[in-house]
Amino acid sequence: MTENVTKTILITGASRGLGLALARRLARENWTLIIDARGAEDLETARTELAQQTRVIALPGDVSGEEHRQALAEAAYEAGGLDALVNNASILGPSPQPQLLDYPIGVLEEVYRTNAFAPLALVQSLRNELKPGARIINVTSDAAVEPYEGWGGYGSSKAALEQLSAILAAENPSLRVYRVDPGDMRTQMQGEAFPGEDISDRPLPEESVPGLLELLEGDLPSGRYEARALIRTSKG
Ligand SMILES: NC(=O)c1ccc[n+]([C@@H]2O[C@H](COP(=O)([O-])OP(=O)(O)OC[C@H]3O[C@@H](n4cnc5c(N)ncnc54)[C@H](OP(=O)(O)O)[C@@H]3O)[C@@H](O)[C@H]2O)c1
């Protein structure tokens, strides 16, 4: 009965990497897409491609900026509300990553602003646009839970996002709030994390997309998931 109802999703950071891979998959299913990224040129390239398959609203801007988040909320309102929000946009911080004793605190603040505060602030801005039962996917990392040397800045910002997600879920039982580790992926961020190294053995972000689809379209409870393990589970 609901097959022809178009769903609407806001994906942050969808000009490349995992965000673009997910947007491409959902465009094939005719979801209306609201996407952003800071780089306007790459975002426009993505919009042009995706718009061949579905309705796309692309707004260049930085998720850590209040005005930009407000513009995203207005776009969500005009689109008739959101079935899902994917907080995917994220920064690594300096490359190579400094150890915590050497980490410039001002830079750490920027990492937290983008990776932890912005996703929560975006949910706050969108609170009236989230349809009942809307899905929120906050993309985190194994670095949020494992004490890898050199990953203290990025990893602790993702740990904060994990706990924000868990408590948001507890406080809002009408929403599904997922925190998801997509696994290592062959993307620009992975290249920045391992400068000068060959990262060609990492799976493409497309391999993490089916797990995200399971969260968007399945019936899983709020919680923490690993995207690629989810695919294996759902296939039995
Ligand atoms: N790659 C991995 O191995 C890996 C592993 C675990 C978790 N993750 C997580 O997976 C997610 C996707 O990562 P990825 O590897 O696909 O990264 P990526 O290739 O660097 O892509 C990041 C996307 O986010 C956008 N972006 C970054 N900062 C932004 C900001 N402040 N405001 C708006 N857009 C912003 C980027 O465009 P602009 O630069 O133009 O803004 C780009 O579109 C991230 O949350 C990351 O932490 C990645």
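What you see is a predicted model; the values in this text were computed from it and never measured. (Residues numbered from 1 in each chain as written. Predicted model: local features only at pLDDT ≥ 70, side-chain atom pairs only at ≥ 80, totals over all residues. Heavy atoms only, no water.)

Neighbouring the ligand are 30 residues, the closest being Ser15, Asn88, Tyr154, Thr187 and Gln190. Between Arg38 and the ligand, the recorded distance is 2.8 Å, taken from a side-chain N or O atom to an oxygen atom. A distance of 2.8 Å is found between an oxygen atom of the ligand and a backbone nitrogen or oxygen belonging to Met185. Contact with the protein chains removes 96% of the 900 Å² of surface that the ligand exposes when unbound. More than half of the atoms belonging to the ligand lie within 2 Å of the grid points that define the largest pocket. Looking at the shell around the ligand, the elements with two or more residues in it are helix H1 (17-28), helix H5 (152-171) and helix H6 (188-193). Counting residues per element, the shell around the ligand draws most heavily on H6, at three residues. Residue composition of the shell around the ligand, by class: 11 nonpolar, 14 polar and five charged. (Near = heavy atom within 4 Å. Polar contact = N/O pair within 3.5 Å; in protein donor to acceptor, adjacent residues only side chain to side chain. Areas by Shrake-Rupley, 256 points an atom, 1.4 Å probe, with all protein chains shown as cover. 1 Å grid on protein atoms, 1.4 Å probe; cavity = no way out; pocket = protein on both sides within 12 Å on 5 of 7 lines; lining within 4 Å. Sits in = over half its atoms within 2 Å of the grid points. Helix = DSSP H or I, 4+ residues; strand = E, 2+ residues; numbered from the N terminus. Nonpolar A, V, L, I, M, F, W, Y, C, P; charged D, E, K, R; others polar.)

With that settled, consider the packing of H1 against helix H2 (residues 40-50). Look at H1 against H2: their axes get within 10 Å of each other, and the N-to-C directions meet at 20 degrees. With respect to H2, the axis of H1 lies roughly parallel. Between H1 and H2 lies a crossing of right-handed hand. Contacts from Leu20, Ala23, Arg24 and Ala27 in H1 reach Ala46, Glu49 and Leu50 in H2. Broken down by class, the residue content of the contact of H1 with H2 amounts to five nonpolar, no polar and two charged. (Axes fitted to C-alpha atoms, helices over the stretch in contact; angles between N-to-C directions. Parallel < 35°, antiparallel > 145°, perpendicular 65-115°, else oblique. Left-handed = near helix turned anticlockwise from the far one by under 90°. Contact = heavy atoms within 4.5 Å.)

Along the chain, Thr32 turns up in strand S2 (residues 32-37). Not counting residues up to four positions away in its chain, the partners in contact with Thr32 are Thr6, Lys7, Thr8, Ile9, Thr54, Arg55 and Ile57.

Owing to its 3.6 residues per turn, the α-helix aligns residues three or four sequence positions apart on the same side. Residue Phe117 marks the point of greatest curvature in helix H4 (residues 105-125), where the axis turns by about 45 degrees; the proline Pro119 follows within four residues. By the burial criterion, the buried members of H4 are Leu108, Val111, Thr114, Asn115, Ala116, Ala118, Pro119, Ala121, Leu122, Val123 and Ser125. (Bend = angle between axes of the 7 residues up to and from the residue. Buried < 20%, exposed > 50% of the residue type's maximum accessible area, 1.4 Å probe, protein only.)

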